[in-house]
Amino acid sequence: MEITVRQVDKEEVWELRHKVMWADKPFDYIKLEDDDLGIHYGLFKGDDLISVISLFINNRECQFRKFATLQLEQGKGYGSTLLDYIIKEAQNNGVKRIWCNARKNKVDFYKKFGLQETNSSFMKEGKSYVIMEAYVQSIMGIT
Ligand SMILES: CC(C)(COP(=O)(O)OP(=O)(O)OC[C@H]1O[C@@H](n2cnc3c(N)ncnc32)[C@H](O)[C@@H]1OP(=O)(O)O)[C@@H](O)C(=O)NCCC(=O)NCCS
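Nothing here was measured: the structure is a model prediction, and the numbers come from that model.

A. Region of the structure containing the packing of aromatic side chains. In this structure the tally under the stated criterion is 8 aromatic pairs. Taking 5.3 Å as the distance between ring centres and 70 degrees as the angle between the ring planes, the aromatic pair formed by W22 and Y29 counts as edge-to-face. Looking at W22, the relative accessible area reads 4%, which means it is buried. Residue classification places Y29 among the partly exposed positions, given a relative accessible area of 28%. An aromatic cluster of three or more residues is present, and its members are F64, F67, F109, Y110 and F113. Above the ring of W14, the side-chain terminus of K31 is found at 4.6 Å from the ring centroid.

B. Local environment of the layout of surface pockets. Considered as a void within the structure, the largest pocket measures approximately 730 Å³ in volume. As for the largest pocket, its lining consists of 29 residues, and the residues nearest its centre are M21, F67, R103, K106 and Y110. Elements with a contribution of two residues or more to the lining of the largest pocket: α1 (10-21), β4 (61-69), α2 (78-92), β5 (97-103), α3 (107-111) and β6 (116-124). Taken as a whole, the second largest pocket spans an internal volume of roughly 190 Å³. Taken together, D34, L37, F56, I57, N58, E61, C62, Q63, R65 and W99 make up the full set of residues lining the second largest pocket. Those elements that provide at least two residues to the lining of the second largest pocket are β3 (48-58) and β4. Here the residues of the lining of the second largest pocket are counted per class, giving 5 nonpolar, 2 polar and 3 charged.

Each value, and the rule that gives it
Residues numbered from 1 in each chain as written. Predicted model: local features only at pLDDT ≥ 70, side-chain atom pairs only at ≥ 80, totals over all residues. Heavy atoms only, no water. Phe/Tyr/Trp six-rings, centres within 6.5 Å; stacked < 30°, edge-to-face > 60°. Buried < 20%, exposed > 50% of the residue type's maximum accessible area, 1.4 Å probe, protein only. Lys NZ or Arg CZ within 6 Å of the ring centre and 35° of its normal. 1 Å grid on protein atoms, 1.4 Å probe; cavity = no way out; pocket = protein on both sides within 12 Å on 5 of 7 lines; lining within 4 Å. Points joined across faces, edges and corners; volume = space filled by probe spheres on them. Helix = DSSP H or I, 4+ residues; strand = E, 2+ residues; numbered from the N terminus. Nonpolar A, V, L, I, M, F, W, Y, C, P; charged D, E, K, R; others polar.

Okay, structure coming up:
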């Protein structure tokens with residue numbers, strides 16, 4: 001089955017976000033106030049949406065949020081493909097710093113993509129998070 005990555009509308013990421021990340025909360029819980037400002041990406045296997053992530057670019061800094069792969073499709077490399085793709089997109093857009101609020105159990109995963117833990121961490125809804133970041137060079141060589 002063909003794997004493709006493309007930009008999607010915010011409505012397309014909501015269902016997967018809800019199912020994977022906060023299934024025990026009401027549907028609206030996973031909507032972000034900033035979703036209109038985000039660039040949303042989906043990885044598809046054939047026509048099926050398997051993994052999603054949202055980028056928020058601000059002053060050459062880019063936060064990625066709400067990264068989720070369908071449970072049954074996790075651990076097969078789809079999330080890595082999507083993360084690689086959006087890191088390149090960020091570079092192409094002249095982003096200098098890419099960061100996320102990482103769930104603590106995902107720290108080692110993000111390290112593989114060159115993100116490092118900062119010393120900012122926090123708890124939310126019983127889950128612990130740490131801010132992770134990487135300074136990226138623009139492919140275009142813009143400083
Ligand atoms: C985080 C998340 C999006 C990753 O998506 P994914 O599609 O499972 O990502 P991958 O398959 O590329 O990588 C997951 C793991 O499988 C491993 N893996 C990748 N391809 C593999 C393969 N072909 N065979 C075996 N293992 C593989 C990766 O090395 C990685 O290992 P690690 O977690 O020990 O570092 C997914 O786990 C998820 O949705 N989690 C719940 C929501 C969540 O926590 N979101 C992130 C909040 S910070």
